[in-house]
Amino acid sequence: MSQPQAAVGAAVPRVDAQLRVTGGAKYAADNSPDGVVHAVIVDSSVGRGRVTGVGSRAAEAQTGVLKVISHLNAPKLPPVQGGFPPGERLRPFQDDRIRFFGQPVAVVVATTLETAQHAASLVQVSYDAEPVSTDISDAEPADDPETYARGDADRALESSPVRLDLTYRMARNHHNPIEPAATVARWDGDRLTVWDKTQYVQGAVFTLSGEFGIPPSNVRVISPFVGGAFGSAARTWVHVVIAALAAREVKRPVKLVLTRRQLYFGVGYRPAYEYELRLGGNRQGRLTASAHEVRTESSRYERHNEHVLGPGQMLYSTPNVRQAYHHVPLDVSTPWFMRGPGYASGAYCVETAMDELAHELGLDPIELRLRNEPADDESTNLPFSTRRLRDCYRAGAREFGWHRRNPRPRSTRDGDWLIGMGMAAGVYDTQRSQAQASVRLEADGTALVQSATSDMGPGTATSMAQVAADALGLTMRQVAFRLGDSLMPPAPVHAGSQTMASVGSAVQDGCDKLRRQAIALAVEDEDSPLYGVDSADVVVRGGRLYVKDAPGRGETYRRLLTRNNRTHLEALGTYAGAPETGKFSFYAYAATFAEVAVDARLGLVRVRRMVGVYDAARIINPRLADSQAIGAMVGGIGQALLEHTVTDHRDGRIVNANLADYLVPSHADMPDMKAIFIEGEDYEADPIGVKGLGEIVIVGVAPAIANAVFNATGRRVHELPIKPETLL
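Residues numbered from 1 in each chain as written. Predicted model: local features only at pLDDT ≥ 70, side-chain atom pairs only at ≥ 80, totals over all residues. Heavy atoms only, no water.

Asks: Explain the packing of aromatic side chains to me, and be specific about the residues and the numbers.
Replies: Taken as a whole, this structure holds 15 aromatic pairs when the rule is applied. Aromatic side chains Trp 336 and Phe 337 sit 4.7 Å apart centroid to centroid with 55 degrees between the ring planes, which places their arrangement in the tilted category. According to the relative accessible area criterion, Trp 336 is buried, its value standing at 6%. Taking the centre distance of 6.3 Å and the plane angle of 80 degrees together, the rings of Phe 384 and Tyr 589 count as edge-to-face. Residue Phe 384 is found in the loop between α10 (365-371) and α11 (389-400), and its partner Tyr 589 is found in strand β25 (residues 587-599); the two are separated by 205 residues along the sequence. On the basis of relative accessible area, Phe 384 is assigned to the buried category, the value being 10%. Taken together, Trp 237, Trp 336 and Phe 337 form an aromatic cluster joined through their ring pairs. Its guanidinium or amino end placed over the ring of Tyr 269, Arg 172 lies 3.8 Å from that ring's centre, counting from NZ or CZ. Lying across the ring of Phe 384, Arg 387 places its NZ or CZ 4.9 Å from the centre. (Phe/Tyr/Trp six-rings, centres within 6.5 Å; stacked < 30°, edge-to-face > 60°. Buried < 20%, exposed > 50% of the residue type's maximum accessible area, 1.4 Å probe, protein only. Helix = DSSP H or I, 4+ residues; strand = E, 2+ residues; numbered from the N terminus. Lys NZ or Arg CZ within 6 Å of the ring centre and 35° of its normal.)

Asks: So what about the pattern of salt bridges? Which residues, and what values?
Replies: Think of it this way: side chains of opposite charge can pair up when their charged atoms draw near. Under the counting rule described, the total for this entry stands at 44 salt bridges. For Arg 91, the salt bridge goes to Glu 211, with nearest N and O atoms at 2.7 Å. One end of the pair, Arg 91, is in the loop between β3 (65-70) and β4 (97-98); the other, Glu 211, is in helix α5 (residues 201-212), and 120 residues separate them in sequence. The pair Arg 91 / Glu 211 is uniform in exposure class, with both members buried. Two residues, Arg 155 and Asp 152, come together in a salt bridge whose shortest N-O distance is 3.9 Å. The partly exposed category is assigned to Asp 152, whose relative accessible area is 36%. Among the charged side chains, a network of salt bridges with common partners joins Arg 48, Arg 97, Glu 130, Arg 300 and Asp 331. (Salt bridge = Lys/Arg side-chain N within 4 Å of Asp/Glu carboxyl O.)

Asks: Explain the pairing of strand β14 (residues 287-299) residue by residue, including any values.
Replies: With 12 of 13 residues buried, β14 is to be regarded as a mostly interior element. In this structure, strand β13 (residues 273-281) lies alongside β14, joined through 9 bridges in antiparallel fashion. Bridge pairing in β14 places Gly 280 opposite Ala 289. Taking the residues between adjacent antiparallel strands as the criterion, β13 and β14 are bridged by 5 residues, where Gly 285 takes a positive phi near 90 degrees. By the bridge criterion, 11 bridges tie β14 to strand β15 (residues 320-330) in an arrangement that is parallel. Each bridged residue has a counterpart across the sheet, and for Val 294 the counterpart in β15 is Tyr 325. (Pairing = 2+ DSSP bridges.)

Asks: Go over the side chain of Arg 270 with me, naming the residues and quoting the values.
Replies: Mapping Arg 270 onto the fold places it in the loop between α7 (260-266) and β13. Buried within the structure, Arg 270 lacks any salt-bridge partner; its nearest side chain of opposite charge belongs to Glu 306, at an N-O separation of 5.5 Å. Of note is the side chain of Arg 270, whose polar atom sits 3.5 Å from the backbone oxygen of Met 338. (Lys, Arg positive; Asp, Glu negative; His and termini not counted. Polar contact = N/O pair within 3.5 Å; in protein donor to acceptor, adjacent residues only side chain to side chain.)

Asks: An account of the nonpolar core is requested, with residue identities and associated values reported.
Replies: Counting residues in each nonpolar core, the largest one holds 94 residues, and the members touching the most others are Tyr 275, Phe 593, Val 596, Met 610 and Ile 705. Ranked by residues supplied to this core, first place goes to helix α9 (residues 343-361) with 11 residues. Here Met 610 is in contact with Thr 592, Phe 593, Ala 594, Met 633, Ile 637, Pro 671, Asp 672, Met 673, Lys 674, Val 701 and Ile 705, once residues within four sequence places are set aside. Counting 54 residues, the second largest nonpolar core, distinct from the first, contains Phe 93, Tyr 200, Val 205 and Val 250. (Core = buried A, V, L, I, M, F, W, Y, C linked by side-chain atoms within 4.5 Å. Contact = heavy atoms within 4.5 Å.)

Asks: How would you summarise the packing of α5 against helix α6 (residues 238-250) if you had to cite specific residues and measurements?
Replies: Running from amino to carboxyl end, α5 crosses α6 at an angle of 50 degrees, the nearest separation of the two axes being 11 Å. One way to sum up the angle between α5 and α6 is to call them oblique. Taken as a pair, α5 and α6 cross one another with a handedness that is right-handed. Note on element contacts: α6 touches α5 through Val 240, Val 241, Ala 244, Leu 245 and Arg 248, opposite Leu 208, Glu 211 and Phe 212. For the contact of α5 with α6, a count of residues per class yields 6 nonpolar, no polar and 2 charged. (Axes fitted to C-alpha atoms, helices over the stretch in contact; angles between N-to-C directions. Parallel < 35°, antiparallel > 145°, perpendicular 65-115°, else oblique. Left-handed = near helix turned anticlockwise from the far one by under 90°. Nonpolar A, V, L, I, M, F, W, Y, C, P; charged D, E, K, R; others polar.)

By themselves, these figures tell us nothing about what the structure is for.
Below, the structure written as structure tokens:
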């Protein structure tokens with residue numbers, strides 16, 4: 001057995017921190033294989049229609065230009081043979097159809113980036129433009145909504161003593177990571193190597209294999225470092241295929257990096273929502289019914305789904321629920337998952353409605369939530385594996401000083417500033433998937449652990465090394481974790497807060513297997529001090545195997561392997577993922593508290609302080625967890641007060657496709673923030689007792705701010721972001 005170590009649970013600094021801050025970390029665009037050339041995409045300047053001509057002569061006349069590729073001369077790709085995600089998707093240069101503004105219509109390949117950029121500006125594209133539909137408010141939804149129901153919500157609403165009829169609108173948000181999307185592609189015969197910014201190296205393999213009709217074994221994807229993504233790199237977008245297609249055409253490695261503007265068209269976004277919510281309850285504050293009608297924007301060529309209805313199904317005890325989720329097909333690029341997908345949007349509506357109901361009933365918002373705590377998950381009739389939301393409320397209220405909140409809106413001032421406090425609950429499902437990890441213990445006593453997972457910011461290499469160090473009985477300095485290469489054992493997409501539970505469980509399994517190998521070798525070795533000892537009595541700590549009750553009797557890994565002429569020991573760890581049918585309902589929970597100040601004359605909102613409390617089970621690294629929570633609070637401030645994609649509905653052009661006009665929080669916007677993690681573990685969820693953390697920490701931030709704004713001003717805002725003019 002391994003001995004409890006200092007690694008798991010310790011606030012260990014990131015093992016790759018120095019590489020990242022000194023430029024030693026190699027991101028996708030930093031790769032320049034011999035002979036690399038550069039590609040620049042030419043985007044459509046209309047939102048719908050057909051390409052009638054591509055004038056490339058001026059571009060091709062530029063010195064250094066190798067080729068201009070469009071639907072007129074691009075090779076026909078074979079029928080799709082799989083990929084991620086399944087179903088129809090945009091394929092580059094296969095027809096003359098324009099599906100959205102900014103769609104790639106050509107790519108210029110040249111020997112230098114500057115030449116490619118200049119040549120791309122010379123490509124003349126003509127169109128037969130058609131009227132576009134890009135406004136969710138003016139378009140009709142598809143006729144096949146996704147529905148959910150229990151009880152009779154409509155009848156229960158009619159008889160409810162207290163009813164609210166609310167409509168919410170949430171703007172489209174874009175991911176805007178620091179590192180833009182980038183791909184370097186190289187062909188060696190029929191074998192393809194891609195250095196890519198991706199959260200899913202195996203998914204990129206499957207997609208490229210399907211696009212080009214080659215076996216997955218002929219595709220290698222490398223992505224050891226990801227400079228932020230928030231979900232935008234969780235699928236393989238069309239620019240990756242374009243880079244590979246161009247490389248095959250010019251027979252040289254091709255580097256393609258999207259501009260900041262192109263990110264707004266090319267790598268997804270959190271979709272806009274219109275959410276109608278009817279809430280019913282009695283005068284004692286017990287919910288009786290809810291009805292949810294949701295409209296979300298989607299592209300015409302692909303349908304995007306996220307669980308925006310989740311909070312309304314299980315967060316509170318509600319006997320009668322009716323829900324409908326309508327997709328509105330538009331002439332836009334496909335939305336995609338953005339941090340806290342679905343749940344962050346749904347929680348905004350549910351949690352501001354709960355705050356409004358509490359005000360209507362004259363109840364404290366926490367008390368209303370406590371009165372509607374469910375005993376089980378009413379959407380599945382399964383018990384919760386753990387649910388410590390009450391503890392989150394209690395700890396958050398104590399730390400935040402909730403008792404000082406004046407429940408009467410617009411009653412607290414600081415000079416010209418109106419002061420308000422608000423809170424909200426959050427929930428996110430605990431996802432787990434199949435994963436593998438290889439473990440190799442060298443004769444010198446060091447270990448190498450590998451898995452084809454990713455790290456877009458949470459510190460995957462650090463947390464996995466902590467799990468491995470404790471399981472092997474080594475120090476952190478003796479363990480290295482490598483990731484981001486499709487040649488490594490497979491791992492799920494680095495999204496949905498499933499990496500720690502999935503890959504971490506595989507790491508634990510592999511290290512346990514290897515430790516047992518070493519113990520078996522020792523107790524069967526006549527020359528070992530551990531010869532003949534019951535293997536159950538052998539523990540490992542600091543790279544040394546010894547008898548639990550006789551610490552002086554033992555030896556090191558190094559001595560054991562050297563004496564037995566072993567260069568190494570190795571094992572493959574596996575995790576089967578979540579069972580198809582379970583005995584429990586698995587979620588992580590949050591309670592977020594916010595204090596805001598609103599300028600009474602200008603309507604400007606400033607978040608003064610925030611406290612987030614989380615039931616995320618076992619915390620592997622408190623320092624990394626704290627960083628995740630603080631970053632999510634920042635993202636939630638953006639969602640609540642700043643982020644808003646503006647579209648010109650005449651042609652589908654995104655007007656503010658840059659960081660000057662699309663506002664995200666800056667350091668000047670940052671309040672005093674604190675994260676608290678409720679101690680505990682959930683071994684029903686996975687073998688290492690963790691729940692997902694990266695998503696839950698943003699769910700509930702925006703409604704906590706909105707509820708604080710109401711407490712400060714007396715104005716209930718049903719639209720995100722909250723704009724000053726709505727508060728005047």
